[in-house]
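Read off the chains here:
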Amino acid sequence: MDPNKMKKKRSSSGGGSRNIDDEGIKILFICYQNQRRSPTAEKTWNRRAGVSARSAGIGLRAKQPVAVKDILWADYVMVMEEKQKNRLAVDFDRALKDKQIHVLNIAEGAKFMDPDLVAQFEADVAKIIYP
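Residues numbered from 1 in each chain as written. Predicted model: local features only at pLDDT ≥ 70, side-chain atom pairs only at ≥ 80, totals over all residues. Heavy atoms only, no water.

1. Considering the overall build of the chain
Formally: Runs of H or I in DSSP of at least four residues are treated as helices and runs of E of at least two as strands, each being numbered from the N terminus. Only protein chains enter the area calculation, which uses a 1.4 Å probe; residues under 20% of their type maximum are buried, those over 50% are exposed, and those in between are partly exposed. Any two residues having at least one pair of non-hydrogen atoms within 4.5 Å are treated as being in contact.
A tally of regular secondary structure across the chain gives four helices and four strands. The order of helices and strands in the chain, counted from the N terminus, is β-α-β-α-β-α-β-α. Counting all 131 residues of the chain, 44% fall into the buried class. Within the chain, counting contacts between residues at least 6 apart in sequence, those at least 24 apart form 70% of the total.

2. Concerning the packing of aromatic side chains
Counted only if it meets this: Side-chain rings of Phe, Tyr and Trp, where Trp is taken by its six-membered ring, are said to pair if the distance between their centres is within 6.5 Å; with planes under 30 degrees apart they count as stacked, over 60 as edge-to-face, and otherwise as tilted.
Applying the stated criterion across every chain, the model contains two aromatic pairs. Here Trp45 and Tyr130 contribute two aromatic rings whose centre-to-centre distance is 6.3 Å and whose plane-to-plane angle is 40°, an arrangement assigned as tilted. Here Tyr130 lies in the segment after helix H4 (115–129) and Trp45 lies in helix H1 (residues 37–46), a separation of 85 residues in the sequence. Given the relative accessible area of 0%, Trp45 is considered buried. Look at Tyr130 and you get partly exposed, because its relative accessible area is 41%.

3. Thoughts on the side chain of Ser55
Selection rule: Residues adjacent in sequence count toward polar contacts only when both atoms are side-chain atoms; beyond that, a polar contact is any pair of N or O atoms within 3.5 Å, and within protein one must be able to donate a hydrogen and the other to accept it.
Counting through the fold element by element, Ser55 comes out in strand S2 (residues 51–57). One polar contact links Ser55 to Glu42, side chain to side chain, over a distance of 2.5 Å.

If you want it as structure tokens, here you go:
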């Protein structure tokens, strides 16, 4: 296999690739700091066949700040709270022109890979991508 075409890991949470030719459903999960909620969603959904997930944060100190290339890559853009949707719409209005932002209504406070949080992501996201 050509080493230049190998998929590279996006984050330490084990998620998504930077390969623009990813196949399947591509989901971008966004929270503020990209430390608990969105990395949990990314790891949870990267376990599924036919899905590639990434996570990013909209906050100034996010571990992995959201970028235009992430938004353009995604088939689905999902945020944890309505206020993140509003901020994303202002900061990335041109990149989002043909995208819908889905609000998952998941408040801060859960720990990374908390079983209840994983179950909530599995159920809520499935309703959106497999209607």
